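Observations on the model geometry
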Amino acid sequence: MSESNDIDEGFYSRQLYVLGHEAMRRMGTAAVLIAGMRGLGVEIAKNVILSGVKSVTVQDEGLAQWMDLSSQFFLQVSHLGQNRALISQPQLSALNPHVCVSAHTGKLNEKLLLQFQVVVLTDSSLEDQQRFGAFCHSNGIKFIVADTKGLCGQLFCDFGKEFEVLDPDGETPPSVMIDNITKTDPGVVKCSEPVNGFVDGCSVSFSEVCGMKELNEYGPVEIKVLGPDSFSICDTSGFSAYEKCGVATEVKNSKTLTFVKLLVYTDHGKISNHQTLHLAFQALHGFVKQEGRLPESDAELLVALVKELNKVYKLEQLDEEVVRSLSLTARGDLAPINAFIGGLAAQEVLKACSGKFSPLQQCLYFDALECLPEDNQEDGDGSRYDGQAVVFGSAFQEKLGKQRYFLVGAGAIGCELLKNFALIGLGAGQGGHITVTDMDSIERSNLNRQFLFRSQDIGRQKSEVAAQAVRAMNPSMNITAHQNCLDPDSEKVYGYHFFMGLDGVAAALDNVEARVYLDSRCVHHQRPLLDGGTLGTKGSTLVVVPHLTQSYGPAKTNSRDAIPLCTLKNFPHRIEHTLQWAKDQFEGLFKQAAENVNQYLGEGAGFLERTLGRGEAEALEVLECVWGAVGMQRPRGWDDCVGWARRQWETVYNNDIAQLLHCFPPKQLTSSGLPFWSGTKRCPNPLNFDPDNTTHMDYVVAASNLYGQIYGIVGTRDISAIKSVLEKVHIPAFTPKSAVKIHLTDEEMEEDKNSGDFDTERLEELHKKLSSPPMNSSDLQMHPMVFEKDDDNNFHMDYIVAASNLRAENYDIPTADRHKSKLIAGRIIPAIATTTTAVAGLMCLELYKLVQGHKRISSYRSAFINLAVQYCVLSEPLGPRRFTVSDRSAPQVGQTAVMNGSEHITGTRPQCIKATDCKAGEKGLCSKKRTLSVPHLRWILEVMPGLSGNMEQRSRSGTWRTKPNKMCVSSSGVWGAVGWRGVPGDVVTRPAPPITNPLPVP
């Protein structure tokens, strides 16, 4: 970041929603030293530089070796024998133009350390850790130690005697709307919604309170929760009487931490492992000091050293096998382990620089020893993969090279995965291959966390640039870049033969729908899936193994995300509501209207017929808009655009509100005698246009320019010129109408929409006028706007912010600045490089297990991490729900079968669902064939892949071919069976519609 502390919001766009402006400014003053430029050190440096501190100095005395190439992504074979820090410095510097990056090739000393606010040691001796740790502690320098050995990692933090944390968790403070406040001691606050997130003893601040205005200036007030929607506060008996409105928001208090040596667990199934590793890492340092090397076949010597240390620590459970495994793998240098520990360590650096989030207190250990193969390992053979081969053996390395994987997504996680793939050699051997697809192009906001991209790549396809970057990283990589969207339309490309030629799939997607679809394809073709996702400092990973683990499954719908239409239209009470309303206005005015006009001009009668088929009420609205755009209301020049924007302002911020208050006056009572305007119904007030009001003019400027753009009219940002035009604009007088009906619920809105209560004559008139398309259709073509949040010059966010805040002013809702508005309206997913790196590392650890073919579910791990509070939980994934397809579990004739959810059905060969005949004694059973009901067969069609109408139906008396959607079952035999043509051992995960109708009984 620049010394002026100006934040480049275009570059740091997604990270700002994680850290905030104040934390970023603090980071912009910090100088960081990172010692050691092997795989772990360069991971930490990369993440810290991308995040944006003032300066980073990388230190290393060592020269590049073959072992380094397995995890140091900035080193090439041509760099062997050269200083690692000098080679890494220019490439690290290219990651972020706002960070000064320098290299130091001399030894570490106290004088050097005094130049920095944060010091990070990697690949260091225990003596250096103790010496420099004590020095940093006494001099107020934040000190971090990170180390990895094979499949194990260590992290230690000491931020001094006291460290102030300004925001412990980074979560948005909860807020609630106020319904009433009593004048009592203590005052009781009644809310219009649950007070979720509030706890006894927390502090809240008040805003927008009408009447009892003293609370708005009172400052933080400690509360006591009284019920699900109420809490008590201070003495309010001397305050003014409460009238209406108000918001209570939790106030986050800073914390001062004293660092105590505590152990943080990353896998609660491995607590003894972590405790043992605490001693084993110390013993490892002792071994190196004694022998001058890392252990090879010296496991028992290391065990003896650990036992000696345990005489002091007195651990009850000392896991000697963990020590032996560490001894055998300590020479390894693995990219996935470095990525995970490097992501965590870099986040601790950011905490030290900014005071944002809770730092690690104080030790963390991690191992992935379950990745180890069962056979013996071999030494490296002088290749770039030596750091990996000493852990897994050369045979496994060869197997990695032959893998054929499909990576979907080349964004932040996709870049990190590709980097790891290149380092471990996935698909880099004979017969191996990586296919990566991503339909997006590179934008400037990507550069802050998608580290394979540079500023000169902006505008190019992500997949192409990423593939090119990893080929440069590892020239042996066999990789093909696609720009396809993965959806049903792409199944001609990614069909049966494509998936059956894969060994596995990795998902680096940013939405649930795409994940669900990809998961269904993997389940259908029985291919393992690695999935990872992030949300700010939170991240998760999932591994799906056919027949062994639960799949991602269908999308979980969340009705809470849907805002009722009547709330948006008439009764907003949160800024989220006004922002969604503003975005809907944008889509309707500047996109849908223009698209409708273009469709009418291109299709004529076909468009009219299709529009009338959508319902007469909707057709009237659409045709009015089309007629206005091609008729006399079409703007002839810039002045008309300004006039339209001014009249639009008057309509939505004055006239519509006046009409609403005419229908429901401020003192309106419900049928129960309660105030209508209460709870979440905030009584609005009309606005009066003021050309000297910045927000009023922001709306007019943005709206008039956007309106001009869809008609091809050039606008201006010149406020003086626009004000001159506004002086000539005539605003018609408005009189509220008593016949207007305001809908209170979405149900009322839908009923009235279908009631036929609309102007039939006007609809017929418009239909007649539009029946003959204009002769100059090409001149009337419009230019629909597609909402783009990241272009600050296109007026899109200008319009959204102004429109939303004016609506918020109507309803006394606290407004939102451009930064917050962009987050909500643009549905931006907060992101930071540290979390992305850690998640990709965990995914690749699961990849090791998949390639080896681990068969025990206990070997695999699903993960959830939150780096804000250093919360890491790795757990065994869930197994699939299993059902045996047999007489007992299958839908039977005369029974009701209800099958919901996603089920796994397994078998070694195509199974049969049996239709059992009716009980003995029932007459007429043998006189004719029976037809299974369509709902029954539809369930079979949904659940069984490959089922078709051309399927055999067998019984004792013969064989029949089925017709589409029907199956004949012979009545002459004891049973008939419905089978399907599928892949032997198919595992199916498809939602099955409920079958509530029994099979028909003749």
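Owing to the predicted nature of the structure, the values given are computational and were not obtained by experimental measurement.

Another point: the overall build of the protein. In terms of helices and strands, the protein carries 29 helices and 34 strands. Classification of the 1002 residues of the protein by burial places 54% in the buried group. Expressed as a percentage of contacts within the protein between residues at least 6 apart in sequence, the contacts between residues at least 24 apart total 74%. Total accessible area computed for the protein in this model is approximately 43300 Å², and 50% of it derives from carbon and sulfur atoms.

The subject of this paragraph is the side chain of Asn596. Among the secondary structure elements, Asn596 is positioned in helix H18 (residues 575–603). We classify Asn596 as buried; its relative accessible area is 14%. Residues in contact with Asn596, not counting those within four places in the same chain, are Phe607, Val622 and Val626.

Next up on the list: the UniProt feature "active site" (unreviewed entry) in the protein. Under the UniProt annotation, the feature "active site" (unreviewed entry) is placed at Cys566. With respect to the element layout, Cys566 can be found in helix H17 (residues 565–569). Among residues more than four places away in sequence, those in contact with Cys566 are Phe571, His743, Leu744, Thr745, Asp746 and Met749.

Once that is clear, we can look at the nonpolar core. Counting 156 residues, the largest nonpolar core has Leu92, Leu151, Leu417, Leu418, Phe421 and Leu452 as the members making the most contacts within it. Setting aside chain neighbours within four positions, we find Leu92 in contact with Met37, Val42, Ala45, Lys46, Ile49, Val58, Phe74 and Val101. Ranked by size, the runner-up nonpolar core spans 73 residues in total, among them Val597, Val630, Cys683 and Met782.

In strand E9 (residues 188–191), alternate side chains face the same way, and those of Val189 and Cys191 are buried while those of Val188 and Lys190 on the opposite face are not. Examined bridge by bridge, strand E8 (residues 175–181) and E9 share three bridges and lie antiparallel to one another. Directly across from Ile181, in E9, lies its bridge partner Val189. Linking two consecutive strands that pair antiparallel, namely E8 and E9, is a turn of six residues.

This next bit is on H18. An ideal rise of 1.5 Å per residue puts 42 Å on 29 residues; H18 measures up with 40 Å between its terminal C-alpha atoms. In H18, a bend of some 35° at Gly588 exceeds every other bend along the element. Of the residues trailing H18, Gly604 is marked for its positive phi of about 60°.

Turning our eyes to something else, we now look at the packing of aromatic side chains. Under the definition given, this model contains 34 aromatic pairs. Here the aromatic rings of Phe864 and Tyr871 are separated by 6.1 Å at their centres, their planes lie at 65°, and the arrangement is edge-to-face. By relative accessible area, which is 43% here, Tyr871 ends up partly exposed. Three or more aromatic residues link up through ring pairs in this structure, and these residues are Trp581, Phe586, Phe590, Trp644, Trp649, Tyr653, Phe689, Tyr699, Tyr707, Tyr711, Phe787 and Tyr799. A cation over a ring is seen here: Lys681 above Phe676, with NZ or CZ 5.6 Å from the ring centre.

A few words now on the environment of Val18. Mapped onto the secondary structure, Val18 falls in helix H1 (residues 13–19). Spatially, the C-alpha atom of Val18 lies 7.5 Å from that of Gly170, the residues being 152 residues apart in sequence. Ignoring any residue separated from it by four or fewer positions in sequence, one finds Val18 in contact with Lys356, Phe357, Gly536, Thr537, Pro830, Ala831 and Ile832.

Attention shifts here to unusual backbone geometry. Of note, the bond from Asp185 into Pro186 is cis; its omega dihedral lies within 30 degrees of zero at 0°. Relative to the assigned elements, Pro186 resides in the loop between E8 and E9. A positive phi is found at Glu208, a non-glycine position, where the angle reads about 65°. Inspection of the secondary structure assignment puts Glu208 in the loop between strand E10 (203–207) and strand E11 (221–222).

This part is about a nonpolar patch on the surface. Where nonpolar side chains cluster on the molecular surface, the patch consists of Phe864, Val869 and Tyr871 and spans about 260 Å² of accessible area. Tracing the sequence through the fold places Phe864 in strand E24 (residues 862–866).

So, on to the sheet that holds E11. Strands in a sheet are paired, the pairing made by backbone hydrogen bonds, and the direction either parallel or antiparallel. Pairing in this open sheet of seven strands is antiparallel, and the strands run E11-E10-E14-E8-E9-E13-E12 from one edge to the other. Edge strands, defined here as strands with exactly one partner in the open sheet, are E11 and strand E12 (224–227). Where E12 and strand E13 (residues 230–232) come together, three bridges link them in antiparallel fashion. Paired with Lys224 across the strands is Ser232, a residue of E13.

What follows is about helix H16 (residues 512–524). Taking 1.5 Å as the rise per residue, H16 with 13 residues should run 18 Å; its terminal C-alpha atoms sit 18 Å apart, in good agreement. Burial in H16 covers these residues: Ala514, Arg515, Val516, Tyr517, Leu518, Asp519, Arg521, Cys522 and Val523. Summarising the contacts, the buried residues of H16 are in contact with strand E18 (404–408), helix H15 (496–500), strand E21 (504–507), strand E22 (529–535) and strand E23 (538–544). The backbone nitrogen of Glu513 lies 3.4 Å from a side-chain oxygen of the residue at the head of H16, namely Asn511. Once H16 ends, the next one or two residues include Gln526, with phi positive near 55°.

The next subject is the pattern of salt bridges. Inspection of the entire model under this criterion finds 46 salt bridges. Measuring nitrogen to oxygen at the nearest pair gives 2.7 Å for the salt bridge that ties Glu300 to Arg324. Pair noted here: Glu300 is in helix H8 (residues 299–313) and Arg324 is in helix H9 (residues 320–329), with a separation of 24 residues, a long-range link. The closest approach of N and O atoms between Glu603 and Arg610, which form a salt bridge, is 2.9 Å. When salt bridges that share partners are traced, they join Arg38, Asp60, Asp68, Arg84, Asp123 and Asp333 into one network.

In this section: the pairing of E23. Sheet topology places E22 next to E23; seven bridges connect them, and they run antiparallel. Considered in E23, the bridge of Gly533 is made with Ser540. Bridge analysis of E23 against E24 gives four bridges, and the strand direction is antiparallel. In the strand pairing of E24, Thr541 is matched with Ala863.

Before going further, it helps to examine the environment of Pro564. Examined against the element boundaries, Pro564 turns out to sit in the loop between E23 and H17. With 183 residues separating them in the primary sequence, Pro564 and Glu747 have C-alpha atoms 9.9 Å apart.

Viewed as axis vectors pointing N to C, H18 and helix H26 (residues 796–810) meet at an angle of 130°, and their least axial separation amounts to 8 Å. For the element pair H18 / H26, the angle class is oblique. In this structure, H18 meets H26 at a crossing whose hand is right-handed. Within the contact between the two elements, H18 uses Ile575, Thr578, Leu579, Trp581, Ala582, Lys583, Gln585, Phe586, Leu589 and Phe590 and H26 uses His796, Tyr799, Ile800, Ala803, Ser804, Asn805, Arg807 and Ala808.

Conventions and cut-offs
- Here the residue index of a chain counts from 1 through its sequence in written order.
- Residues qualify for local features only when their pLDDT is at least 70, as the model is predicted, and side-chain atom pairs are given and counted only at 80 or more; totals for whole chains, interfaces and linings, by contrast, use all residues.
- Excluded from the side-chain calculation are hydrogens and water; included are all heavy atoms of the structure.
- Only DSSP runs of H or I with at least four residues qualify as helices, and only runs of E with at least two residues qualify as strands; both kinds are numbered from the N terminus onward.
- Only protein chains enter the accessibility calculation, which uses a 1.4 Å probe. A residue is then buried if its area is under 20% of the maximum for its type, exposed if over 50%, and partly exposed in between.
- Contacts between residues were defined by any pair of non-hydrogen atoms, one from each residue, lying within 4.5 Å.
- Only the protein chains shown count as cover for residues, with accessible areas throughout obtained via the Shrake-Rupley method and a probe of 1.4 Å.
- UniProt positions are given in the numbering used here, feature names are shortened, and annotations may be inferred rather than shown by experiment.
- Take the buried Ala, Val, Leu, Ile, Met, Phe, Trp, Tyr and Cys residues and link them wherever side-chain atoms come within 4.5 Å; each set so joined is a nonpolar core.
- Any two strands are treated as partners once DSSP identifies two or more bridges connecting them.
- The length a helix should cover is 1.5 Å for every residue beyond the first.
- Bend, at a single residue, is the angle you get between axes fitted to the 7 residues ending at that residue and the 7 residues starting at it.
- Pairing of aromatic side chains here covers Phe, Tyr and the six-membered ring of Trp, requires ring centres within 6.5 Å, and sorts the geometry by plane angle: under 30 degrees stacked, over 60 edge-to-face, intermediate tilted.
- Two thresholds decide whether a charge sits over a ring: the Lys NZ or Arg CZ must be within 6 Å of the ring centre and within 35 degrees of the ring normal.
- Two distance rules govern patches: like charges are joined within 9 Å, and nonpolar side chains (Val, Leu, Ile, Met, Phe, Trp, Tyr) within 5 Å, applied only to residues with over 30% relative accessible area and no salt bridge.
- In the sections that follow, a salt bridge refers to a side-chain nitrogen of Lys or Arg positioned within 4 Å of a carboxyl oxygen of Asp or Glu.
- Any N or O atom pair separated by 3.5 Å or less is treated as a polar contact, with the protein-specific requirement of one donor-capable and one acceptor-capable atom, and with residues adjacent in sequence counted only for side-chain atom pairs.
- Lines fitted to C-alpha atoms define the axes here, with helix axes fitted over just the stretch in contact, and angles between the N-to-C directions of these axes take values from 0 to 180 degrees.
- Working rule for angles: under 35 degrees goes down as roughly parallel, over 145 as roughly antiparallel, 65 to 115 as roughly perpendicular, anything else as oblique.
- Take the far helix as your reference; a near helix turned counterclockwise from it by less than a right angle gives a left-handed crossing, and one turned clockwise gives a right-handed crossing.

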